[in-house]
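Residues per chain are reported as follows:
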Amino acid sequence: DEQRGHNTNIKMEASASGATWWMYTAFFGSHIPITLAIDAQAVLPAFIFPKFLRDLLNWHVEINNDILMGLKPTWFKGIVWA
């Protein structure tokens, strides 16, 4: 009986590990397009981005009072490049 319970625990741990992997993959994978669409606007020229993305950034800066993306200080640009 103990052996059977042990196998069940291993299966549950493997299942949880798989679920955790998918959650991390989804979370960080979703940030790739966000980084390219929004964060990159801090360091690349505005003409590269379509108007709707520039408008989205302006909306974000206004609604969230994001002074870093609004002012884009030099030190912040260095961090974005990193």
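Residues numbered from 1 in each chain as written. Predicted model: local features only at pLDDT ≥ 70, side-chain atom pairs only at ≥ 80, totals over all residues. Heavy atoms only, no water.

Within the chain, the secondary structure is distributed over four helices and zero strands. The buried share of the chain, taken over its 82 residues, is 16%. Counted over contacts in the chain with a minimum sequence separation of 6, partners at least 24 positions apart contribute 38%. (Helix = DSSP H or I, 4+ residues; strand = E, 2+ residues; numbered from the N terminus. Buried < 20%, exposed > 50% of the residue type's maximum accessible area, 1.4 Å probe, protein only. Contact = heavy atoms within 4.5 Å.)

Here we come to the packing of aromatic side chains. Applying the stated criterion across every chain, the model contains four aromatic pairs. Taking 4.6 Å as the distance between ring centres and 85° as the angle between the ring planes, the aromatic pair formed by Trp21 and Trp22 counts as edge-to-face. Here Tyr24 and Phe28 contribute two aromatic rings whose centre-to-centre distance is 6.1 Å and whose plane-to-plane angle is 5°, an arrangement assigned as stacked. Placement of both Tyr24 and Phe28 in helix H1 (residues 2-37) is noted, with a separation of four residues, approximately one turn of the helix. (Phe/Tyr/Trp six-rings, centres within 6.5 Å; stacked < 30°, edge-to-face > 60°.)

Next up on the list: the nonpolar core. Ala37, Ile38, Ala40, Ala42, Val43, Phe49, Leu53, Leu57, Val61, Met69 and Phe76 form the largest nonpolar core, which has eleven residues in total. Element by element, the count of residues in this core is highest for helix H2 (residues 51-64), at three residues. In this view, Ala37 contacts Phe49 and Leu53; residues no more than four positions away in its chain are not counted. (Core = buried A, V, L, I, M, F, W, Y, C linked by side-chain atoms within 4.5 Å.)

Turning our eyes to something else, we now look at the pattern of salt bridges. Any two side chains of opposite charge can pair, so long as their charged atoms come close to each other. Considering all chains together, one arrives at one salt bridge under this definition. Two residues, Lys51 and Asp55, come together in a salt bridge whose shortest N-O distance is 2.8 Å. With Lys51 and Asp55 both in helix H2, this residue pair falls four residues apart, about one helical turn. Owing to a relative accessible area of 52%, Lys51 belongs among the exposed residues under this scheme. (Salt bridge = Lys/Arg side-chain N within 4 Å of Asp/Glu carboxyl O.)

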